[in-house]
Amino acid sequence: MLMFLIKVQICFKERKWIWDPGLYPRLSLILWKVLNDALPIAARVSAFTKFGCYFCECELEDSLHLFKECAFAKAIWFAVLFLVAVVLMHYNSMLDFVEALLSSLSGDLRKEVIIYIGCVIQAIWKWRNMVRIKGCNVDVKSVITEAATAFLEFSDCRVEDLSQAIPEDSDDQAVQSESANHIMFTDASWKEGCFKLDVGAASCPLEAETQALLLALEFSVQNSWTRIHFLSDYRVLVKALEQHSPPPDWRFLNVSLSVLDLMNVISDFRFCFVHRDSNSVADGLAKRARLSSQESGVFQGEEIPPVIPSYFSLV
């Protein structure tokens, strides 16, 4: 086992910015690693192996070069959303660079910029590893698109927004609260074959929504609930289950049959369709759960700290 002990460099101010409860742990973690120079890049492992920058073939690969000084990185910073002209900014470390970007900002604007910085760094780090480990070909446009998409997705699902997302009266299928002991809103966030409230794989959005409804049914059975209304914004799923039929896709028939089996256990329930605008709380929570997943951002040689560390270990 190879262990590096890296003394934390950032002060309380930057630590508070990075570990803000309104940010996603996935972004906070990658920022923490970069600012503490705790990623397994060439400069960190030079005693054991030697390699240069995989984007520009420079002989030196350290955090400042990879995420700021490399011509590849400069193009990404300038072309995404905030148009940061890093070529005009000269600093000795990523910590100084990030502090310069954030020091004059406050409130929501600073949080948006932190999210932006995290998305750019995350995209660069991901594709650096795709090139080094998997031998993939990469172009600036692909990384720019990925960073911009991630930023918009993270920004669309802010923690503070969820508390204000309770819908007003709508014209959706009527749900009478007095006729039910429990009303459960269900939703899933699906992208590239993965969904999340519970970690899993799905072949299509319909399967992800069915999995989410299955979780709601299982929770109801475990708590011995009766008189339940299950609300979903996937009309095809709701119509199929109203007829006690599996959703029209054989690829996840086992999941559909599990749903039908649990329907026989619960007494007095109802499935209702609700428009997505009226299901914004469940939609936001599902998206936040997927975006906060740590699994997609970790490569061999990295370690996830169980707490905010005083010292950061890489195994």
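Computed from a prediction, not measured in an experiment: that's the story for all the values here.

Calculation criteria
- Residues numbered from 1 in each chain as written.
- Predicted model: local features only at pLDDT ≥ 70, side-chain atom pairs only at ≥ 80, totals over all residues.
- Heavy atoms only, no water.
- Phe/Tyr/Trp six-rings, centres within 6.5 Å; stacked < 30°, edge-to-face > 60°.
- Helix = DSSP H or I, 4+ residues; strand = E, 2+ residues; numbered from the N terminus.
- Buried < 20%, exposed > 50% of the residue type's maximum accessible area, 1.4 Å probe, protein only.
- Lys NZ or Arg CZ within 6 Å of the ring centre and 35° of its normal.
- Core = buried A, V, L, I, M, F, W, Y, C linked by side-chain atoms within 4.5 Å.
- Contact = heavy atoms within 4.5 Å.
- Pairing = 2+ DSSP bridges.
- Axes fitted to C-alpha atoms, helices over the stretch in contact; angles between N-to-C directions.
- Salt bridge = Lys/Arg side-chain N within 4 Å of Asp/Glu carboxyl O.

**Q** How do you make sense of the packing of aromatic side chains when you look at a structure like this?
**A** The final tally for this structure, using the stated rule, is nine aromatic pairs. Centroid distance F55 to F72: 4.1 Å. Interplanar angle 10 degrees. Geometry classified as stacked. Of the two residues, F55 sits in the loop between helix 2 (25-35) and helix 3 (63-69) while F72 sits in helix 4 (residues 71-79), which places them 17 residues apart along the sequence. Look at F55 and you get buried, because its relative accessible area is 16%. Owing to a relative accessible area of 11%, F72 belongs among the buried residues under this scheme. Seen from the ring of F97, K68 lies directly overhead, with NZ or CZ sitting 5.7 Å from the centre. Taking the ring centre of F273 as reference, the NZ or CZ of R235 above it sits at 3.9 Å.

**Q** Would you mind going over the nonpolar core with me for this structure?
**A** Soluble globular proteins tend to pack their nonpolar side chains together in the buried interior. Counting 51 residues, the largest nonpolar core has F55, F67, W77, M94, I117 and I121 as the members making the most contacts within it. Among the elements of the structure, helix 1 (12-18), helix 2, helix 3, helix 4, helix 5 (94-102), helix 6 (107-134) and helix 7 (140-156) are those that each provide at least two residues to this core. With 14 residues, the top contributor of residues to this core is helix 6. Non-local contacts of F55, meaning those with residues more than four positions away in its chain, are made with L66, C70, F72, I124, W127, R128, V131 and V138. Counting 21 residues, the second-largest nonpolar core is a separate cluster that includes F230, M263, I266 and F273.

**Q** Before we go on, may I ask you to explain the sheet that holds strand 2 (residues 182-186) in this structure?
**A** In spatial order, the strands read 2-6-7; together these three strands make up an open sheet with parallel pairing. With one partner strand each, in any of the chains shown, strand 2 and strand 7 (269-273) form the two edges of the open sheet. Strand-to-strand twist across the sheet, computed as the mean angle between neighbouring axes with direction ignored, equals 20 degrees. Where strand 2 and strand 6 (residues 228-232) come together, five bridges link them in parallel fashion. When the bridges of strand 6 are listed, I183 appears paired with H229. Lying over the sheet, helix 10 (residues 235-242) contacts strand 6 and strand 7, oriented at roughly 150 degrees with respect to strand 7.

**Q** Would you mind going over the pattern of salt bridges with me for this structure?
**A** The final tally for this structure, using the stated rule, is seven salt bridges. One salt bridge in this structure joins D268 and R227, with 3.8 Å as the shortest N-O distance. Residue D268 is located in the loop between helix 11 (253-263) and strand 7, and its partner R227 is located in the loop between helix 9 (205-222) and strand 6; the two are separated by 41 residues in the primary sequence. As a salt-bridge pair, D249 and R251 come within 2.7 Å of each other at their nearest N and O atoms. Where salt bridges share partners, they join K68, E69 and K74 into one cluster.

**Q** Whenever I open this one, the pairing of strand 6 confuses me. Can you help?
**A** Within a regular strand, side chains alternate between the sheet's two faces. With five of five residues buried, strand 6 is to be regarded as a mostly interior element. Relative to strand 7, strand 6 is paired through five bridges, and the arrangement is parallel. Across the sheet, L231 pairs through a bridge with C272, a residue of strand 7.

**Q** Sorry if this is basic, but what is going on with unusual backbone geometry here?
**A** Backbone phi values are negative for most residues with the exception of glycine, while trans is the configuration of most peptide bonds. In this model, D37 sits at a positive phi of 55 degrees, which is unusual for a non-glycine residue. Looking at the secondary structure, you find D37 in the loop between helix 2 and helix 3. Owing to a relative accessible area of 28%, D37 belongs among the partly exposed residues under this scheme. A positive phi angle, close to 50 degrees, is found at R227, a residue other than glycine.

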